[in-house]
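Chain residues, written in single-letter form:
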Amino acid sequence: GVIGIVYGAICATMQKDLKRVVAYSSVAHLGFIALGTFSITTQGLQGSVLQMVNHGVSTGALFLLVGMIYERRHTREIAKLRGLQKPAPILAAVFTVVMLSSIGLPGLNGFVGEFLILTGSFLTFRWWTVVAVSGVILAALYLLWAYQRVFHGEPDGDNATFRELRFTEGLVMVPMIAAIVFMGVYPKPVFDRIEPSVTRLVAHVEDNSSYVQPKVATEGEEIVPE
């Protein structure tokens, strides 16, 4: 899982195609899901299940936005895209929100899932989790750098006449933006549905193996990984 996080992030950083950046970011996100799943802790498993949903919403929205850009410019090469936020500020704003959710900005859905995964996996895989945190930093690097090159600067040629987000395209994106914000601000309804299954799974593993879920340290105690 950790190798997937770091490898996916490094590969995403080096891509010249915007769609490939999003594709390799998926590898990194799935690395987080694997890490949280195999931590076999309540926090890690809840974060992993939530992150599966988050990944479907955020990365799905990013692929849709990349598709809209390709429809207008007939290219996904980052070097050929420049200054798109000037002719299409609304599309740029939507892309910004979705991108920040993929990075894991607090207040958006990606933060909740990644935070729980890192918290839960720290109890069982302390040093692997420390390495995995670098994936959060690298995600900010490759997504913000791609955004800067595509949307910032002075538009030239066909970029200057880039078409704004259409009404029908906006109708597609609104539910995804709403889900991103809702699960970032108030994820409790989702957790209420996830928790019973996660609790039963952890109990099943404990009953059929020597594994015991590490306890979260209280004030004055130290967390000792099993």
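Rules used in this analysis
- Residues numbered from 1 in each chain as written.
- Predicted model: local features only at pLDDT ≥ 70, side-chain atom pairs only at ≥ 80, totals over all residues.
- Heavy atoms only, no water.
- Axes fitted to C-alpha atoms, helices over the stretch in contact; angles between N-to-C directions.
- Helix = DSSP H or I, 4+ residues; strand = E, 2+ residues; numbered from the N terminus.
- Parallel < 35°, antiparallel > 145°, perpendicular 65-115°, else oblique.
- Left-handed = near helix turned anticlockwise from the far one by under 90°.
- Contact = heavy atoms within 4.5 Å.
- Expected span 1.5 Å × (residues − 1).
- Bend = angle between axes of the 7 residues up to and from the residue.
- Buried < 20%, exposed > 50% of the residue type's maximum accessible area, 1.4 Å probe, protein only.
- Core = buried A, V, L, I, M, F, W, Y, C linked by side-chain atoms within 4.5 Å.
- Phe/Tyr/Trp six-rings, centres within 6.5 Å; stacked < 30°, edge-to-face > 60°.
- Lys NZ or Arg CZ within 6 Å of the ring centre and 35° of its normal.
- Patch = residues over 30% accessible without salt bridge, like charges linked within 9 Å, V, L, I, M, F, W, Y side chains within 5 Å.
- Areas by Shrake-Rupley, 256 points an atom, 1.4 Å probe, with all protein chains shown as cover.
- Salt bridge = Lys/Arg side-chain N within 4 Å of Asp/Glu carboxyl O.

1. Focus on the packing of helix α3 (residues 42-73) against helix α8 (residues 188-207)
Okay, so step 1: Between α3 and α8, whose axes approach to 9 Å, the crossing angle comes to 130°. Here α3 is positioned oblique relative to α8, judged by the angle of their axes. Viewed along their axes, α3 and α8 form a crossing whose handedness is right-handed. Along the contact surface, α3 presents Thr 42, Leu 45, Gln 46, Val 49 and Leu 50, while α8 presents Val 190, Phe 191, Ile 194, Glu 195, Val 198, Leu 201 and Val 202.

2. With respect to helix α7 (residues 167-185)
Okay, so step 1: For α7, built from 19 residues, the straight-helix expectation of 27 Å at 1.5 Å per residue is met to within 8% by its first-to-last C-alpha distance of 26 Å.
Okay, so step 2: At Met 173, α7 shows its largest kink, close to 30°, and the proline Pro 175 lies no more than four residues downstream.
Okay, so step 3: For α7, the full list of buried residues reads Glu 169, Gly 170, Met 173, Ile 180, Met 183 and Gly 184.
Okay, so step 4: On its buried face, α7 is in contact with α3, α4 (89-103), α5 (109-122) and α8.

3. A word on unusual backbone geometry
As a rule of thumb, non-glycine residues mostly have phi less than zero, and peptide bonds are mostly trans rather than cis.
Okay, so step 1: Here Ile 40, not a glycine, exhibits a phi torsion of approximately 50°, which is positive.
Okay, so step 2: Residue placement: Ile 40 occurs in the loop between α2 (18-38) and α3.
Okay, so step 3: With a phi angle near 55°, His 74 is a residue other than glycine that sits in the positive phi range.
Okay, so step 4: Residue position: His 74 is located in the loop between α3 and α4.

4. Notes on the nonpolar core
Okay, so step 1: Within the largest apolar cluster, 47 residues are counted, with the highest numbers of intra-cluster contacts made by Ile 69, Phe 95, Val 98, Tyr 142 and Phe 151.
Okay, so step 2: Every element with two or more residues in this core is listed here: α1 (2-14), α2, α3, α4, α5, α6 (126-151), α7 and α8.
Okay, so step 3: For this core, the element with the highest residue contribution is α3, accounting for nine residues.
Okay, so step 4: Leave out the neighbours within four places in its chain, and Ile 69 touches Leu 18, His 74, Leu 81, Leu 84, Leu 91, Phe 95, Phe 151 and Phe 162.

5. Some thoughts on the environment of Leu 165
Okay, so step 1: Here Leu 165 shows up in the loop between α6 and α7.
Okay, so step 2: Ignoring sequence-local partners within four residues, the contact set of Leu 165 consists of Met 68, Arg 72, Ile 90, Leu 91, Val 94 and Gly 170.

6. Some points on the packing of aromatic side chains
Okay, so step 1: On inspection of all chains with the given rule, the structure shows five aromatic pairs.
Okay, so step 2: Feature note: the residues Phe 95, Tyr 147 and Phe 151 constitute an aromatic cluster, connected by ring pairs.
Okay, so step 3: Looking at Arg 76, its charged tip hangs above the ring of Tyr 70, at a distance of 5.0 Å from the centre.
Okay, so step 4: One cation-aromatic arrangement involves Arg 149 over Trp 145; the distance from NZ or CZ to the ring centre is 3.7 Å.

7. What to know about a nonpolar patch on the surface
Okay, so step 1: A cluster of nonpolar side chains, Val 181, Phe 182, Val 185 and Tyr 186, forms an exposed patch at the surface whose accessible area comes to about 380 Å².
Okay, so step 2: In this fold, Val 181 is placed in helix α7.

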